[in-house]
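Per-entry structural report
So you can see what is in the structure, the chains are spelled out below.
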Amino acid sequence: MPAPPTIRLAHRAEAHAIARMSRDWIEHGLGWSWTTQRVAQAVDDASTNVAVLLKDERLEGFGIMQYPDDGAAHLVLLAVSPLLRHRGMGKQLLRWLEHSARLAGSTEIRLECRADNVNAIAFYQHLGYRQGGMVGGYYEGRIDAVRLHKHMAATP
Ligand SMILES: CC(C)(COP(=O)(O)OP(=O)(O)OC[C@H]1O[C@@H](n2cnc3c(N)ncnc32)[C@H](O)[C@@H]1OP(=O)(O)O)[C@@H](O)C(=O)NCCC(=O)NCCS
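A brief look at the structure comes next. (Residues numbered from 1 in each chain as written. Predicted model: local features only at pLDDT ≥ 70, side-chain atom pairs only at ≥ 80, totals over all residues. Heavy atoms only, no water.)

**Description of the sheet that holds strand S5 (residues 108-114)**
Our working rule: Two strands form a pair only when DSSP identifies at least two bridges running between them. Labels follow the DSSP assignment, with helices taken as runs of H or I lasting at least four residues and strands as runs of E lasting at least two, numbered in each case from the N terminus. All axes are obtained by fitting lines to C-alpha atoms, using only the stretch in contact for helices, and the reported angles, taken between N-to-C directions, cover 0 to 180 degrees. Two residues qualify as a contact provided that any one of their heavy atoms is within 4.5 Å of a heavy atom in the partner residue.
One open sheet holds the 7 strands; their spatial order is S1-S2-S3-S4-S5-S7-S6, and the pairing between them is mixed. Single-partner strands in this sheet number two, and they are strand S1 (6-9) and strand S6 (130-139). Strand-to-strand twist in this sheet, taken as the mean axis angle between neighbours without regard to direction, amounts to 25°. Pairing of S6 with strand S7 (residues 143-151), which is carried by 5 bridges, proceeds in the antiparallel orientation. In the strand pairing of S7, Tyr139 is matched with Ile143. On the sheet, helix H1 (residues 15-26) packs against strand S2 (48-55), strand S3 (58-66), strand S4 (72-80) and S5 and is oriented at approximately 85° with respect to S3.

Structure below.
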């Protein structure tokens, strides 16, 4: 039976690998905004959780969630290696981040997703997120975003 993945907070030394995952799996077609330096700052930031997923000791996914002061956590990035998709890894990573958000006192999770990313939108909806409005030109003024949100109290 395959070993389950390990999900934990990222180490600063993993910032470059995480930034590359963001560039290759999320920010494709856009400028690279989540650079190594920005990810390292997020790792150091007390109001941000950078989580990594390791499978067989290899870094295969990550998620970044910010905790602003308004009670709503903001999921900024989430991705799993293309080779490991559709095996429940993204769900485990998201559940880990949701659990952390609950412990941090968040009552809602919000996120924006590229409007052309129909798979991710379906993934989030499947896991209890509701679609809100569209934000025109959210990404570099040329790619629209869909807002999604989930009230934590509604789903234990
Ligand atoms: C979005 C992403 C994280 C999903 O990860 P994943 O590991 O493939 O998803 P999972 O296997 O954990 O799927 C979890 C559930 O969502 C469902 N799901 C996944 N993709 C789906 C889709 N396109 N349509 C409908 N349901 C979907 C699965 O069937 C599964 O349901 P179950 O729990 O009832 O079995 C992954 O596809 C990814 O990294 N995409 C590229 C990066 C990205 O787009 N990130 C999001 C924007 S920041």
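**Some points on the environment of Arg38**
With respect to the helices and strands, Arg38 occurs in helix H2 (residues 36-44). Spatially, the C-alpha atoms of Arg38 and Ile109 are 22 Å apart, while their sequence positions differ by 71 residues.

**Thoughts on the site of the ligand**
Selection criterion: We define proximity as follows: a residue is near a molecule or strand when any one of its heavy atoms falls within 4 Å of that partner. Side-chain atoms alone can form a polar contact between residues adjacent in sequence; in general such a contact is a pair of N or O atoms within 3.5 Å, and within protein one must be able to donate a hydrogen while the other accepts it. Each accessible area value is a Shrake-Rupley result obtained with a 1.4 Å probe; residue values ignore everything except the protein chains displayed when judging cover.
What surrounds the ligand is a group of 19 residues, the closest being Leu78, Val80, Lys91, Asn117 and His126. Note that an oxygen atom of the ligand is positioned 2.7 Å from one of the side-chain N or O atoms of Asn117. Here the ligand has 950 Å² of accessible area as a free molecule, and 75% of this is covered by the chains. Broken down by secondary-structure element, the contributors of at least two residues to the shell around the ligand are H1, S4, helix H3 (89-103) and helix H4 (118-126). Broken down by element, the shell around the ligand gets its largest block of residues, 6 residues, from H4.

**A short note on the packing of aromatic side chains**
Under the convention used in this document: Within 6.5 Å between ring centres, the rings of Phe, Tyr and Trp (the latter by its six-membered ring) count as paired, and their orientation is classed by plane angle as stacked under 30 degrees, edge-to-face over 60, tilted in between. Classification of residues uses two cut-offs on accessible area relative to the type maximum, computed with a 1.4 Å probe and protein chains only: under 20% is buried, over 50% is exposed, and between them is partly exposed.
Applying the stated criterion across every chain yields a total of 3 aromatic pairs. With centroids separated by 5.2 Å and ring planes inclined at 65°, the aromatic side chains of Phe123 and Tyr124 adopt a geometry described as edge-to-face. The exposure class of Phe123 is partly exposed, given its relative accessible area of 25%. Between Tyr138 and Tyr139 the ring centres are 4.8 Å apart and the planes differ by 85°, which places this aromatic pair in the edge-to-face class.

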